[in-house]
Amino acid sequence: QIQLVESGGGLVQAGGSLRLSCRVSGGTFSIATMGWHRQAPGKQRELVATITDGGTTYYADSMRDRFTISRDDAWNTVHLQMNNLKPEDTAVYYCNCNLWRSGIGTKDYWGQGTQVIVSS
């Protein structure tokens, strides 16, 4: 059973930093794209950043200069370094990945989310 477990969320003051991590486990698989999304109260889930297995990154415009996504394939882990956080970054952050398993094929998987609260 594939599991994505996020960590690193919490409460931080505006201007501060947090580093989110997400580890994928559950058998033998090959991960293609990994990414982070977020959902603020009363809003739709939105894309934050993605990183391919080749290291190509994509960021939403409002986060491009403040957030950095990276991955460690040896540990099946993706990180999101968030700097200069703003109150509008308050949201539940979800890790997701697109991975392949023998007999299953390629599917998207999601973590359960980690809360980030930025106080003004």
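Please refer to the structure placed before this passage.
I will try to describe carefully the structure that is included in this document. In this convention, every chain numbers its residues from 1, walking through the sequence in written order. It should be noted that, the model being predicted, local features are given only for residues of pLDDT at least 70 and side-chain atom pairs only at 80 or more, the latter also being counted only at that level, while totals for whole chains, interfaces and linings use all residues. Computation of side-chain values covers all heavy atoms of the structure but excludes hydrogens and water.

Looking at the overall build of the protein chain
1) Next: Numbering of helices and strands runs from the N terminus; a helix is a DSSP stretch of H or I covering at least four residues, while a strand is a stretch of E covering at least two. Helices and strands together make up the secondary structure of the protein chain, namely zero helices and eleven strands.
2) Next: For the protein chain, the succession of helices and strands along the chain, N to C, is β-β-β-β-β-β-β-β-β-β-β.
3) Next: For the protein chain, the C-alpha atoms occupy an extent of roughly 50 × 25 × 25 Å along the three principal directions.
4) Next: Classification of residues uses two cut-offs on accessible area relative to the type maximum, computed with a 1.4 Å probe and protein chains only: under 20% is buried, over 50% is exposed, and between them is partly exposed. Burial status across the protein chain gives 42% buried among its 120 residues.
5) Next: Residue contacts are defined here by distance: any two heavy atoms, one from each residue, within 4.5 Å place the two residues in contact. Summarising the internal contacts of the protein chain: among those between residues at least 6 apart in sequence, 55% fall at separations of at least 24.
6) Next: Separation of charge centres in the protein chain, based on 11 positive and 10 negative side chains, amounts to 4 Å. All tallies of charge rest on Lys and Arg as positive and Asp and Glu as negative; His and the ends of each chain are not included. For the purpose of locating charges, the reference atoms are NZ of Lys, CZ of Arg, CG of Asp and CD of Glu.

Some words on the environment of A14
1) Next: Mapping A14 onto the fold places it in the loop between β2 (10–13) and β3 (18–25).
2) Next: What makes A14 partly exposed here is its relative accessible area of 40%.
3) Next: Sequence separation of A14 and P87 is 73 residues, and the distance between their C-alpha atoms is 6.3 Å.
4) Next: With sequence-adjacent residues up to four places away left out, A14 is seen in contact with L85, P87, V118, S119 and S120.

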